[in-house]
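Here's the letter readout for the chains.
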Amino acid sequence: MLRTSASRVLDDSDRDEVLALLDTDPVANVFVSSRVRAVGLNPARLGGQMWGFGPRGGLVSLCYAGANMVPVSAGPEAVHAFADRARKQGRRCSSIVGPVDAVSLLWERLEPYWGRARAIRWAQPVMATSRQPPVPADPRVRRVRPEEFDILLPACVAMFTEEVGVSPNLGDGGALYRTRVAELIRIGRSYARIEDGRVVFKAEVGAVTPQACQIQGVWVDPELRGRGHAVAGMAAVVEAAMECFAPVVTLYVNDYNRSARAVYKKVGFVEVDTFMSVLF
C-alpha cells in the first residue's frame, strides 16, 4: 500500500488556488468549477466538502465530496489519500464520477468497505464542441418559462429514471429534484420544445463557467424518437449555450448509447476524454 500525505478539507481561503487547478482542464472540471465559482468552499454552501492533496501553495489534486464524489487531477497518491478519508467517514454520496483512471482506482479502494454499487458505467465519453453546429437548429426550442414547470417536470423525471435506473422521487419524495428543475428554469438554463402541453425535446445547461458549460438531461419523448428532434434540438441548445454562457459546450454520455453519441457527433461534438461513474 502507498504511503502518502493525508488529504485536508479546504475552505474559502483556498479558493484562488482551487480555481487555478480546476482551470487547467475546464472541460473535465466544469461541474466542480461551477460549484466553487457559485458558492465558494464553505461546506454549508457547497453542499459537501472539498478535499485537497498537497500543501497550501502546492495543491496538486482535489476531490469534491458532496452528493457526488468527483476526483480532480488525482494521481495514485492523491486517490489513496481521498479513499482513506472517504472510508473513514463512510459513504455519503450517491455516485462517484470523473476521469476513468481516478474513479476506477478510487472505487477499487472503496468497494471492500462500501459494498457493491447499484450500477457501474465503466466508460462514458466526454464530448465537447467550440463551433457552431453544422446542422439546422430547431427554431421551436426555447427557454422554459416558470409557469411551464408542471409540464416539464414529468419529462425530467422520465429522463432521470431512464438514464440513472431509479426515480428521483425516491427518498425525499422528489423534493430536491423538483427544486433543482425549478432553479434551472428560473435562471434560464432549461430549454425545450413544447407543443400543446407536451414536451417533445428538452435539455438543460447544468454547469457554467467562463470557459465551458455542460449540457445534461437530454431527452426526446419516446413516441417521437427517430424523427430528428434530438439533432435539431441539440443544435438549438448548443447555439444558445455558446451565445449566453461559454465558448465551449460539453457533455458526457454512456459508451453503449450509440444513438446519442451519433446525435452529438452530427451536432459537432468530438470525444475529448473518458469518464466513469459508480452509482449507489
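Figured I'd write up the structure that's included with this text. None of these values were measured; they are calculated from a predicted model.

## A short note on the overall build of the chain
Okay, so step 1: Scanning the chain for helices and strands turns up 9 helices and 12 strands.
Okay, so step 2: Against the 2.2 N^0.38 benchmark of 19 Å for 280 residues, the chain shows a C-alpha radius of gyration of 19 Å, consistent with a compact globule.
Okay, so step 3: A buried classification covers 50% of the 280 residues belonging to the chain.
Okay, so step 4: Within the chain, contacts between residues at least 6 apart in sequence are counted, and of these 70% link residues at least 24 apart.

## A few points about the packing of aromatic side chains
Okay, so step 1: Overall, the coordinates contain 7 aromatic pairs when judged by the stated rule.
Okay, so step 2: Judged by centre distance (5.2 Å) and plane angle (55°), the ring pair of Tyr252 and Phe275 falls under tilted. Linking Tyr252 in strand S11 (residues 248-252) with Phe275 in strand S12 (residues 270-279), this pair joins segments that are 23 residues apart in sequence.
Okay, so step 3: Tyr252 gets classed as partly exposed once you look at its relative accessible area, which sits at 33%.
Okay, so step 4: Each residue in the set Trp107, Trp114 and Phe280 is aromatic and connected to the rest through ring pairs, giving one cluster.
Okay, so step 5: The ring of Trp51 is capped by Arg85, whose NZ or CZ atom sits 5.8 Å from the centre of that ring.
Okay, so step 6: One Lys or Arg, Arg87, reaches over the ring of Tyr113 and ends 5.2 Å from the middle of that ring.

## A few points about the packing of helix H6 (residues 149-164) against helix H7 (residues 175-186)
Okay, so step 1: Axis separation between H6 and H7 bottoms out at 10 Å; the angle between their running directions is 120°. Taken together, H6 and H7 sit at an angle that is classed as oblique. As H6 runs across H7, the sense of the crossing is right-handed. Contact residues: Phe149, Leu152, Leu153, Cys156, Val157, Met159 and Phe160 in H6; Tyr177, Arg178, Val181, Ala182 and Ile185 in H7.

## Things to note about the packing of helix H8 (residues 229-244) against helix H9 (residues 258-267)
Describing two packed helices takes the angle between their axes plus the distance from one axis to the other.
Okay, so step 1: Across the interface, H8 lies against H9 with an axial gap of 9 Å and an inter-helix angle of 50°. The angle between H8 and H9 falls in the class oblique. Handedness of the H8/H9 crossing: right-handed. Residues Ala230, Val231, Met234, Ala235 and Val238 of H8 pack against Val263, Tyr264, Lys266 and Val267 of H9.
Okay, so step 2: A per-class count over the contact of H8 with H9 returns 8 nonpolar, no polar and 1 charged.

## So, the environment of Ala246
Okay, so step 1: With respect to the helices and strands, the residue Ala246 is situated in the loop between H8 and S11.
Okay, so step 2: Sequence separation between Ala246 and Ser130 is 116 residues; the distance between their C-alpha atoms is 9.1 Å.

Reading guide: rules and limits
- Residues numbered from 1 in each chain as written.
- Predicted model: local features only at pLDDT ≥ 70, side-chain atom pairs only at ≥ 80, totals over all residues.
- Heavy atoms only, no water.
- Helix = DSSP H or I, 4+ residues; strand = E, 2+ residues; numbered from the N terminus.
- Rg over C-alpha atoms; globule rule 2.2 N^0.38 Å.
- Buried < 20%, exposed > 50% of the residue type's maximum accessible area, 1.4 Å probe, protein only.
- Contact = heavy atoms within 4.5 Å.
- Phe/Tyr/Trp six-rings, centres within 6.5 Å; stacked < 30°, edge-to-face > 60°.
- Lys NZ or Arg CZ within 6 Å of the ring centre and 35° of its normal.
- Axes fitted to C-alpha atoms, helices over the stretch in contact; angles between N-to-C directions.
- Parallel < 35°, antiparallel > 145°, perpendicular 65-115°, else oblique.
- Left-handed = near helix turned anticlockwise from the far one by under 90°.
- Nonpolar A, V, L, I, M, F, W, Y, C, P; charged D, E, K, R; others polar.

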